[in-house]
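Given next are the chains, with one letter for each unit.
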Amino acid sequence: MTRYRLSGAVMTHPKRRAAAERLAQAAPPGALRVVMDPDPAGKPSVLRTALCAWSAIEDGATHQLVVQDDMILSDTFFTRARMAVEEMPDAALALFALWDSRNGAAVRFGALAGARWVAAVNEYFPCVAIILPREVAAGFVAFGRRHLDSWPDDILMNHYLRAHRIPAYVSVPSLAEHEDHGSISGNAFRGPRRSVCFLPSDVPGREDVRLGGLRVLPFFKHGVAQCAVRVGAPGDDPGHWLHLTCEQYLEGCGVRPGRPQPAIVGMAEASGSAAATGTWLTAFTMGFVQQRDGLHRTAAPDGGTAPDPAVLAEALATVGPGGISYAQPEERIAELRAELAQITLAGVAAGREAADRQRARPARPRTAAPLRVGVLGSATPLTEHLVRGLADAGHRITLLGRPTAPDEPAARPYDALLDLTALTPQHPPVPATAATAADVGRGTSLTLTIKYPDLSGQFRDVTVRVGELYGPGCPHDTRIGRLVWDALRSYPLTVEDPDAELRPLHVGDLVGALSAMLRTPPPDGTAGLAGAPVTAAELATAVQTAVRPVPLAEAPPTASAAPPRRTEEAPWPPAPPGWKPATDLVHGLHTHAQWLAYEGIHLALDA
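Bear in mind the structure is a predicted one, so any value in this text is a computation, not a measurement.

(A) Structural detail: the overall build of the protein. Scanning the protein from N- to C-terminus turns up 17 helices and 25 strands. When the 607 residues of the protein are sorted by exposure, 55% land in the buried category. Across the protein, every contact between residues at least 6 apart in sequence was considered, and the portion connecting residues at least 24 apart equals 80%.

In structure tokens, the structure reads:
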């Protein structure tokens, strides 16, 4: 007799009670009970209902299954779920992953390797169909009750599992699919939310075949080929991740995939060049990483099995659709699916060939010797992204820590010194208590310094004024960060002075500008780096589009009826010759939100 017993619940709202009851009735007798939102008239909250569902575990059950009411379960759902519990009794098990997610990218690598489960990666942990051991469920309920009306349940779940070192896996293929009949919790703005790989008749078995240790995750989301890269030694669990684009990652690997793109894009008769390019870049990176890192074997005793052709075909066919789902209706995505799948297959094959070519011949020397750049400043998530970006751009970076005196001999071996100390926590751009956008117009730009040594050992300094930084690595307590942080938690956005102006600058654009300035020093002693000026009201609207369409709140009354004071700001210096920012504000805010939700939260929330 099995040592483990699984009980289950369907979490729902009165508006969707009929759907929940149909799902429960279609399951084996007694497998699922309907659990209702305890406060259906209150503010929509998936977490509130989820905590009730986790608390509804039956006496004698060792594990609890929670399923949302808008899921379709595979024919072998319960058989595979029980077999997985037997094989991984101490683990959290996600039975679904979205097609544009990082866990979805991990599932694709699992499909390529013939795995049945992949280790979950640092993102949200998919909670639409999930199994937890009894003790873990109880611990999450206690944790979740302390954070009601804050973060979504899947973000909190990932944070809790990570903080307590609970093993977590995602099924290959998904055992459930999203029906997408509207979203009570306010997620409809995200577009169709489909599984990375759903096969209704997946055959149970081999639940011991797992793939873990993934360090590079290419995924196509929000119309951009993105890449999450794990930092630290392989045993450094749980580690943390850098947020890059596929193009930046490949450039750092010495690979330039641009040449074959015109032929691949030519395959896109209906989808258009943007969708085709994003799909192809993601697939190329996937094939390159798989071939280079040898991701063909799993943790099974015999190394696993050959990929299941049906699972692999479905997993690869969703790369393109997932990347355009934020902007296209379901019908249009269905029309483009076959074409984008063809591009994905071509991209994976091209990436594998690139890895083989790189392995077969030594790396070609760069046309110019890399600049030796010493970087001053403490290690922070932001400086980590900047340093990685500069290294990927071909610079030889040495971290120097604290600033050195200009005449110190150790500084002379470098072609330039880049002083990033203004980005350390000891130099915050705004006080941590200032919570509104009224301060936006007060001119709180940062100042960085680039030192160029001459033959005599003397330095010529260039002062670099930097606008309001946002993007991966940027904290939640800056002016832009506060608005993104509130939108992530579904809080209203407060803007005291809608006309206050700021100059946003994305981390990626800062990397590009610094790289260009290191190679070609600007003629003047001062340069300004910023995107197009926006008002606080325009910024809030962009956050609503990029993160979540939360409402705008009225600013609290002030003691004085006088308008917010703004000090005079020095004229903004000219940009370096030939440089201009390339990041769209909405997409840049999206990358900032992703980093805060998946990485920044671990620096700000106690589990």
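Next, the rest of the story.
(B) The environment of Arg16, seen in detail. Topologically, Arg16 is positioned in the loop between β1 (6-12) and α1 (17-26). Considered as a pair, Arg16 and Asp70 are 54 residues apart in the sequence and their alpha carbons are 8.6 Å apart. Separated by 3.4 Å, the side chains of Arg16 and Asp70 make a polar contact.

(C) Just the sheet that holds strand β13 (residues 240-245), in detail. Strand order in the open sheet formed by three strands is β11-β12-β13, and the pairing between neighbours is antiparallel. Bordering the open sheet on either side are β11 (216-221) and β13, each of which pairs with just one other strand. Strand-to-strand twist of the sheet, defined as the mean angle between neighbouring strand axes without regard to direction, takes the value 25°. In the sheet, strand β12 (residues 224-231) pairs with β13 via six bridges, with the strands oriented antiparallel. Directly across from Gln226, in β13, lies its bridge partner Thr245. Here helix α4 (residues 102-113) sits on the sheet and contacts β11, β12 and β13; the angle it forms with β11, its principal contact strand, is near 120°. Along the sheet, helix α13 (residues 381-392) makes contact with β12 and β13, crossing β13 at roughly 50°.

(D) View of the nonpolar core. Core analysis: the biggest nonpolar cluster contains 150 residues, and Trp54, Leu93, Leu161 and Leu589 have the highest contact counts within it. For this core, the leading source of residues is helix α9 (residues 273-293), giving nine residues. Those residues in contact with Leu161 that sit more than four places away from it in its chain are Ala92, Phe125, Leu132, Val136, Ile166 and Ala168. In this structure, Val387, Ile450, Val507 and Ala513 belong to the second largest nonpolar core, which totals 31 residues.

(E) Local environment of the sheet that holds strand β2 (residues 33-36). Taken in spatial order, the eight strands make up an open sheet running β2-β1-β3-β7-β5-β8-β6-β10, and their pairing is mixed. With one partner strand each, in any of the chains shown, β2 and β10 (210-211) form the two edges of the open sheet. The pairing of strand β3 (residues 63-68) with strand β7 (residues 129-133) spans five bridges and is antiparallel. Note that in β7 the partner of Leu65 across the bridge is Ile131. With respect to the sheet, α1 is in contact with β1, β2 and β3, its orientation differing from that of β1 by roughly 160°.

(F) Broad picture of the side chain of Asp37. In this structure, Asp37 sits in the loop between β2 and α2 (46-55). On the basis of relative accessibility, which here comes to 7%, the residue Asp37 falls in the buried class. Only 2.9 Å separates the side chain of Asp37 from the backbone nitrogen of Asp39, close enough to count as a polar contact. Looking at Asp37, its side chain comes within polar contact range of the side chain of Arg48, at 2.9 Å. Each residue touching Asp37, except ones within four places of it in the same chain, is listed here: Thr12, His13, Arg48 and Thr49.

(G) Region of interest: the pattern of salt bridges. Under the definition given, this model contains 22 salt bridges. Asp208 serves as the salt-bridge partner of Arg206, at 3.6 Å between the closest nitrogen and oxygen. On the accessibility criterion, Asp208 (22% relative accessible area) is partly exposed. Among the charged side chains, a network of salt bridges with common partners joins Arg80, Arg116, Asp202 and Glu207.

(H) Representation of the side chain of Thr449. Residue placement: Thr449 occurs in strand β17 (residues 446-453). Taking relative accessible area as the criterion, Thr449 reaches 18% and is therefore assigned buried. Excluding residues within four positions of it along the chain, Thr449 makes contact with Leu417, Leu418, Asp419, Asp461 and Val462.

(I) Broad picture of the packing of aromatic side chains. This model, assessed by the stated rule, comprises seven aromatic pairs. Ring plane angle 70° and centroid distance 6.0 Å describe the contact between Phe140 and Tyr160, whose orientation is recorded as edge-to-face. Note that Phe140 is positioned in helix α5 (residues 134-145) and Tyr160 in helix α6 (residues 153-163), a separation of 20 residues in sequence. A single burial state applies to Phe140 and to Tyr160, both of which are buried.

Conventions and cut-offs
- Residues numbered from 1 in each chain as written.
- Predicted model: local features only at pLDDT ≥ 70, side-chain atom pairs only at ≥ 80, totals over all residues.
- Heavy atoms only, no water.
- Helix = DSSP H or I, 4+ residues; strand = E, 2+ residues; numbered from the N terminus.
- Buried < 20%, exposed > 50% of the residue type's maximum accessible area, 1.4 Å probe, protein only.
- Contact = heavy atoms within 4.5 Å.
- Polar contact = N/O pair within 3.5 Å; in protein donor to acceptor, adjacent residues only side chain to side chain.
- Pairing = 2+ DSSP bridges.
- Axes fitted to C-alpha atoms, helices over the stretch in contact; angles between N-to-C directions.
- Core = buried A, V, L, I, M, F, W, Y, C linked by side-chain atoms within 4.5 Å.
- Salt bridge = Lys/Arg side-chain N within 4 Å of Asp/Glu carboxyl O.
- Phe/Tyr/Trp six-rings, centres within 6.5 Å; stacked < 30°, edge-to-face > 60°.

That is the geometry; function is a separate question.
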